[in-house]
Amino acid sequence: MQKNLEVFPSRDQLVERALEIILSKIEPAIQQRGQFTLVLAGGSTPKPLYEALAAQNLPLDKIHIFWGDERYVPADHPDSNEGMARQAWLDRVEFPASNIHPMPTLGNDPQADARQYDAELQQFFQVSEGEFPAFDVILLGMGDDAHTASLFPHTEALKVRDRLIAVGDKAGQPRLTFTVPLINQAECVMFLVTGANKQPALTQIFAETADEMAYPCRAIQPQGELWWLLDEAAGQVLQ
């Protein structure tokens, strides 16, 4: 694993850097595999990144979009990660509908929907059960409790090692989420973290020892590159 930590004076500069890294990955992936797979995060931090991507001239027919986690709400709900990404980027450009792979959240059965998305990923990547496909880039955020995707401290989803998708639990509310081993199979994982409220969690995540169950981001150790892009407010505790 190649680990990179960069701290930026502003969120705008953080977004610029994230855009730069993503753009640098697209062409090599397409040349190698014929496509580029990008996993989106929710929350407010990546939204300007998606808006910046909307302004780029990209080979959209060769880019496939996925989500690392999703609240169990319809896409038109204000809390939907899919809805946010569509407004900021996907619906503003000529994206082929078949290249967008949202998590299913309308079945009223989160476990069944998790299995369905798991099967969809297996089929897309042509991997058999028990195998973990490698996404080109996975974007992640971090909560002030050190959760990422919908892998919350001391929850069952954080322990799942034999599936691609699990059902996360946020105060009794179900969410669909990538599992730790699926995230860790990626070619590149990029954390985008802003705000002074993240400092206590970052201190534990970057400490020599701490409990992964208490600080889920510690479990993210991809086989490829790991990027931590922080704004000054979050990152000054590590400098």
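Since this is a predicted model, take the numbers as computed values, not measurements.

A.B. asks: When you look at the overall build of the protein chain in this model, what are you seeing that I'm missing?
C.D. replies: In terms of regular secondary structure, the protein chain is built from seven helices and nine strands. Expected size for 239 residues packed as a compact globule is a radius of gyration near 18 Å; at 17 Å, the protein chain falls within 12% of this value. Its C-alpha atoms give the protein chain principal-axis dimensions of about 45 × 40 × 35 Å. Put simply, the protein chain shows about 10600 Å² of open surface, and 44% of that area lies on carbon and sulfur atoms. For the protein chain, the separation between the mean place of its 18 positive charges and that of its 33 negative charges on side chains is 2 Å.

A.B. asks: What is the right way to look at the layout of surface pockets in this model?
C.D. replies: Space left empty within the atom packing is revealed by a probe, the size of a water molecule, rolled over the atoms. Volume-wise, the largest pocket comes out at about 430 Å³. Every residue lining the largest pocket is counted, 25 residues in all, and those nearest its centre are G42, G43, G141, M142 and H147. For the lining of the largest pocket, the elements supplying multiple residues, two or more each, are β4 (69-71) and β5 (137-140). Per-element accounting of the lining of the second largest pocket gives the leading share, six residues, to helix α4 (residues 110-125). Partitioning the lining of the second largest pocket into residue classes produces five nonpolar, three polar and six charged.

A.B. asks: What should I look at first to understand the sheet that holds β5 in this one?
C.D. replies: Note: strands within a sheet are paired through backbone hydrogen bonds, in either parallel or antiparallel orientation. Taking strand neighbours across the sheet as the criterion, the six strands line up as β1-β9-β8-β5-β2-β3 in an open arrangement whose pairing is parallel. Each end of this open sheet is capped by a strand with a single partner; those strands are β1 (2-8) and β3 (63-67). Each strand of the sheet is rotated relative to its neighbour by a mean of 15 degrees, with strand direction disregarded. As defined by bridge partners, strand β8 (residues 188-193) adjoins strand β9 (residues 225-231) across six bridges and the pair is classed as parallel.

A.B. asks: What's the story with the UniProt feature "domain: Glucosamine/galactosamine-6-phosphate isomerase" (unreviewed entry) in the protein chain in this structure? I'm lost.
C.D. replies: With numbering matched to this structure, UniProt assigns "domain: Glucosamine/galactosamine-6-phosphate isomerase" (unreviewed entry) to residues 10-228. In residues 10-228, the share of helix is 31% and the share of strand is 18%. The end C-alpha atoms are 15 Å apart.

A.B. asks: In this structure, what is going on with the nonpolar core? I would like to understand it.
C.D. replies: In terms of nonpolar packing, the biggest core is built from 42 residues, with F178 and W228 touching the most fellow members. Elements with a contribution of two residues or more to this core: α4, β5, β6 (165-170), β7 (173-178), α5 (180-184), β8, α6 (199-205) and β9. In this view, F178 contacts V39, W67, G68, M103, Y117, L121, F135, I138, L151, L164, I165 and I183; residues no more than four positions away in its chain are not counted. Counting 38 residues, the second-largest nonpolar core is a separate cluster that includes A29, A41, I63 and W67.

A.B. asks: Could you clarify how one ought to interpret the environment of A196 in this entry?
C.D. replies: Secondary-structure assignment places A196 in the loop between β8 and α6. Sequence separation between A196 and E232 is 36 residues, and the spatial gap between their C-alpha atoms is 8.2 Å. If sequence neighbours within four positions are ignored, A196 has contacts with A233 and A234.

A.B. asks: Teacher, can you tell me more about the side chain of S80 here?
C.D. replies: Take S80: it is sitting in the loop between β4 and α3 (81-88). Judged by relative accessible area, which is 3%, S80 ranks as buried. Look past the residues within four positions of S80 in its chain and what remains in contact with it is E70, V73, P74 and A75.

A.B. asks: Would you take a moment to explain the pattern of salt bridges for this structure?
C.D. replies: A pair can form between side chains of opposite charge whenever their charged atoms are brought close. Counted according to the given criterion, the structure contains nine salt bridges. A salt bridge links D61 to K62; the nearest nitrogen and oxygen atoms lie 3.5 Å apart. R163 is the partner of D162 in a salt bridge, and the nearest nitrogen-oxygen pair spans 4.0 Å. Overall, R163 belongs to the partly exposed group, its relative accessible area being 36%. Among the charged side chains, a salt-bridge network with shared partners connects E6, R17 and E20.

Calculation criteria
- Residues numbered from 1 in each chain as written.
- Predicted model: local features only at pLDDT ≥ 70, side-chain atom pairs only at ≥ 80, totals over all residues.
- Heavy atoms only, no water.
- Helix = DSSP H or I, 4+ residues; strand = E, 2+ residues; numbered from the N terminus.
- Rg over C-alpha atoms; globule rule 2.2 N^0.38 Å.
- Areas by Shrake-Rupley, 256 points an atom, 1.4 Å probe, with all protein chains shown as cover.
- Lys, Arg positive; Asp, Glu negative; His and termini not counted.
- Charge placed at Lys NZ, Arg CZ, Asp CG, Glu CD.
- 1 Å grid on protein atoms, 1.4 Å probe; cavity = no way out; pocket = protein on both sides within 12 Å on 5 of 7 lines; lining within 4 Å.
- Points joined across faces, edges and corners; volume = space filled by probe spheres on them.
- Nonpolar A, V, L, I, M, F, W, Y, C, P; charged D, E, K, R; others polar.
- Pairing = 2+ DSSP bridges.
- Axes fitted to C-alpha atoms, helices over the stretch in contact; angles between N-to-C directions.
- UniProt positions renumbered as here; feature names shortened; annotations may be inferred.
- Core = buried A, V, L, I, M, F, W, Y, C linked by side-chain atoms within 4.5 Å.
- Buried < 20%, exposed > 50% of the residue type's maximum accessible area, 1.4 Å probe, protein only.
- Contact = heavy atoms within 4.5 Å.
- Salt bridge = Lys/Arg side-chain N within 4 Å of Asp/Glu carboxyl O.

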